[in-house]
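What follows is the residue order along each chain.
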Amino acid sequence: MNIQWYPGHMAKARRMMQENMKLVDVVIELVDARIPLSSKNPDIDALASGKSRVLLLNKYDMADPKYNELWKSYFEKKGFYAALINSKDGQGVKQIKDIVYKACEAKIERDRRRGILNRPVRAMVVGIPNVGKSTFINSFVGRATAKTGNKPGVTKGKQWIRLSSKIELLDTPGILWPKFEDPNAGMRLAFIGSINDDIIQTTELSLELILFLDRHYPDSIKNRYGIGVPGNLNELRDCVPVLERIAIKRSCLMKGGEPDIDRAAGILLDDFRNARLGGITLEFPQDYEALPV
Ligand code: G4P
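Since the model is a prediction, treat every value here as computed from it, not as a measurement.

Draft legend 1. Main features of the overall build of the protein chain. Summing up its helical and strand segments, the protein chain has 11 helices and eight strands in all. Structurally, the protein chain occupies a C-alpha span of about 75 × 40 × 35 Å along its principal axes. A separation threshold of at least 6 residues defines the contact pool for the protein chain, and within that pool the share at least 24 residues apart is 69%. In the structure as shown, the protein chain presents an accessible area of about 14800 Å², 48% of it carried by carbon and sulfur atoms. The average position of the 45 basic charges and that of the 36 acidic charges among the side chains of the protein chain differ by 9 Å.

Here it is in structure tokens:
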């Protein structure tokens, strides 16, 4: 399955990102813990060159606990300050201020030697669409904040949120584009719902998902739908009977009583995207150890 996705405003997004990047010391990059590499922007290393880097594995509540820590170590080994977070309920978010500050220690020390004292570090949040940037910013910022900049009649420019005497955050996140040139990444992004379903064939996508689940999480479909899954699923057409069984179980039948596999496909994708099949990770660190991030 080949998914091509060219967001219309990519060039503009890139320009804005470059402008904003000049203003910050540290980049807080969000990825999705279920697909940490497929949800990582391919150009961010070049864009953020020379900046301190923090990598947050967001939505870890929806990923497989077995792989969460392994992914965190993976990124730490590649030189990132990394953390697992659930922006929706705030899990892991409290520690991020310390991590951001720690990531900037070398810069703070350089400033100190040049006689610059007590200047807050400036941070921005970046990530591909739907990765949870706004939810994270809300959770990170909490209630006790004051906005600086853009006060009427005083300053024009960026809005900075003062998180403490030590950290200021740019209030608008940088939107990055995903790895649309990699078909596997495209498919995983589609699985989690980050690509508009209008431009993909959802029944085919759900067959791909069944193939993956059968290989890596063989009980997930059985447990969710209470159906037997036929053995030896090797290709997409082998997975059609699974959709048929889901359709029958969920009473999705067409006029003649035939199972409606398109509706079953929608149910499966929706269940997966809402973690009703359990915490599932779609790519595994051991497959990428040897590659640069
Ligand atoms: P963005 O700014 O990067 O585009 O993403 P945004 O914050 O809008 O989040 C996209 C969706 O992901 C939202 O769900 C949000 O609630 C959910 N989300 C963000 N962080 C987490 C997390 O850590 N765990 C889980 N489980 N979900 C998270 P939505 O369906 O668009 O809205 P809603 O159902 O929350 O209203």
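Draft legend 2. Quick peek at the environment of Trp160. Summarising the element assignment, Trp160 is placed in strand S6 (residues 160-162). Trp160 gets classed as buried once you look at its relative accessible area, which sits at 5%. Each C-alpha atom, one on Trp160 and one on Ser251, is 53 Å from the other, the two residues being 91 residues apart in sequence.

Draft legend 3. Geometry of the site of the ligand. Near the ligand there are 15 residues, and of these Asp61, Ser87, Lys133, Ser134 and Thr135 occur at the shortest range. A distance of 3.0 Å separates an oxygen atom of the ligand from a polar atom in the backbone of Gly132. The separation between an oxygen atom of the ligand and a polar side-chain atom of Thr135 is 2.5 Å. When the ligand is considered free in solution it has 710 Å² of accessible area, and contact with the protein chains removes 63% of it.

Draft legend 4. Spatial organisation of the pattern of salt bridges. As enumerated under the stated definition, the model contains 21 salt bridges in all. Asp111 is the salt-bridge partner of Lys107, the closest N and O atoms lying 3.1 Å from each other. Taken together, the positions of Lys107 and Asp111, both in helix H5 (residues 105-113) and four residues apart, correspond to about one turn of that helix. The class for Lys107 is buried, based on a relative accessible area of 14%. Beyond isolated ion pairs, a larger network of salt bridges with shared partners links Asp25, Lys107, Asp111, Arg114 and Arg119.

Draft legend 5. Seen up close, helix H3 (residues 65-77). The terminal C-alpha atoms of H3 lie 19 Å apart, and with 13 residues this matches the ideal 18 Å at 1.5 Å per residue to within 8%. Of the residues making up H3, those classed as buried are Tyr67, Asn68, Trp71, Tyr74 and Phe75. Taken around the axis of H3, the buried residues stretch over an arc of 130°, which confines them to a single face. What points out from H3, more than 90 degrees from its buried face, is the exposed set Pro65, Lys66 and Lys77. Those residues of H3 that are buried lie in contact with strand S2 (52-58) and strand S3 (81-84). Taking the backbone nitrogen of Lys66 as reference, a side-chain oxygen 2.9 Å away marks Asp64 as the first, capping residue of H3. After H3 finishes, the residue Gly79 shows a positive phi value of roughly 100°.

Draft legend 6. Geometry of the packing of helix H7 (residues 183-191) against helix H8 (residues 202-216). Two elements in contact, H7 and H8, have axes whose closest approach is 10 Å; the angle formed by their N-to-C orientations is 100°. Relative to H8, H7 is oriented roughly perpendicular. Residue-level inspection shows Met187, Ala190 and Phe191 of H7 in contact with H8, the latter providing Leu205, Glu208 and Leu209. Of the residues belonging to the contact of H7 with H8, the class tally is five nonpolar, no polar and one charged.

Procedures and definitions
- Residues numbered from 1 in each chain as written.
- Predicted model: local features only at pLDDT ≥ 70, side-chain atom pairs only at ≥ 80, totals over all residues.
- Heavy atoms only, no water.
- Helix = DSSP H or I, 4+ residues; strand = E, 2+ residues; numbered from the N terminus.
- Contact = heavy atoms within 4.5 Å.
- Areas by Shrake-Rupley, 256 points an atom, 1.4 Å probe, with all protein chains shown as cover.
- Lys, Arg positive; Asp, Glu negative; His and termini not counted.
- Charge placed at Lys NZ, Arg CZ, Asp CG, Glu CD.
- Buried < 20%, exposed > 50% of the residue type's maximum accessible area, 1.4 Å probe, protein only.
- Near = heavy atom within 4 Å.
- Polar contact = N/O pair within 3.5 Å; in protein donor to acceptor, adjacent residues only side chain to side chain.
- Salt bridge = Lys/Arg side-chain N within 4 Å of Asp/Glu carboxyl O.
- Expected span 1.5 Å × (residues − 1).
- Arc of directions from axis to C-beta.
- Axes fitted to C-alpha atoms, helices over the stretch in contact; angles between N-to-C directions.
- Parallel < 35°, antiparallel > 145°, perpendicular 65-115°, else oblique.
- Nonpolar A, V, L, I, M, F, W, Y, C, P; charged D, E, K, R; others polar.

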